[in-house]
Amino acid sequence: MAKKIFVGNLPFTTTSEELKEVFTAYGEVITAKVVTDRISGRSRGFGFVEMEPAAADAAIGALNGQDLGGRPLRVDAAKDRPPR
DNA sequence: GTTGAGCGTT
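Predicted, not measured: the structure shown is a model, and the values here were computed from it.

S.K.: I'm lost on the protein's contact with DNA strand B in this one. Help?
M.R.: For DNA strand B, the set of nearby residues contains 22 residues, the closest of which are Asn9, Arg42, Phe46, Arg71 and Arg81. Sugar and phosphate atoms constitute 15% of the interface atoms of DNA strand B, taking the interface as everything within 4 Å of the protein. Contacts to DNA strand B include Lys33, whose side-chain N or O atom sits 3.1 Å from a base oxygen. Take Arg44: an N or O atom from its main chain is 2.7 Å from a base nitrogen of DNA strand B. Residue assignment for the surface near DNA strand B shows that the elements contributing at least two residues are β1 (3-8), β2 (29-36), β3 (43-51) and β6 (74-77). Here the surface near DNA strand B takes 4 residues from β3, the largest share from any one element. Partitioned by chemical class, the residues of the surface near DNA strand B number 10 nonpolar, 3 polar and 9 charged.

Structure (structure tokens):
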């Protein structure tokens, strides 16, 4: 199983393809998904990326705190679907 | 046509 990465603070126009493109540049992206609000059907402005541990570490170290869309991108290790 | 802390569906 690969490592999960939490990606936040991204523009509302960002899609899963964009997220995958950005993360695939640092390693093999297993799955990339942007979380959209199921209640209203709009993007929540954050998503999840699954990659290998080495690639995930490289992507986190490279994209965490970086500027994307004019805002500091937030990249960190994600939790395993915690209950709200 | 709007918004801005956070951890997602099968």
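S.K.: So what exactly am I meant to see when it comes to the pairing of β3 here?
M.R.: In regular strands, side chains alternate between the two faces of the sheet. By the bridge criterion, 5 bridges tie β1 to β3 in an arrangement that is antiparallel. Looking at the pairing, Lys3 lines up with Met51 of β3. The hairpin turn running from β2 into β3, its antiparallel successor, is 6 residues long, and Gly41 in that turn takes a positive phi close to 85°.

Parameters at a glance
Residue positions are given per chain, counted from 1 along the sequence in the order it is written. Labels follow written order: the first chain is A, the first ligand is 1, and so on. Confidence filtering applies because this is a predicted model: local features only for residues at pLDDT of at least 70, side-chain atom pairs given and counted only at 80 or more, and all residues used for totals across whole chains, interfaces and linings. Side-chain descriptors were evaluated using all non-hydrogen atoms of the structure, hydrogens and water having been removed beforehand. Throughout, near means a residue has at least one heavy atom within 4 Å of the molecule or strand. What qualifies as a polar contact is a pair of N or O atoms within 3.5 Å, subject to a donor-acceptor requirement within protein and to the restriction that residues adjacent in sequence count only when both atoms come from side chains. What counts as a helix is a DSSP run of H or I of at least four residues, what counts as a strand is a run of E of at least two, and both are numbered from the N terminus. Nonpolar residues are Ala, Val, Leu, Ile, Met, Phe, Trp, Tyr, Cys and Pro. Charged residues are Asp, Glu, Lys and Arg, and all others, Gly as well, are polar. Strands are treated as partners if at least two bridges between them are detected by DSSP.

Just geometry here; none of it tells us what the structure is for.
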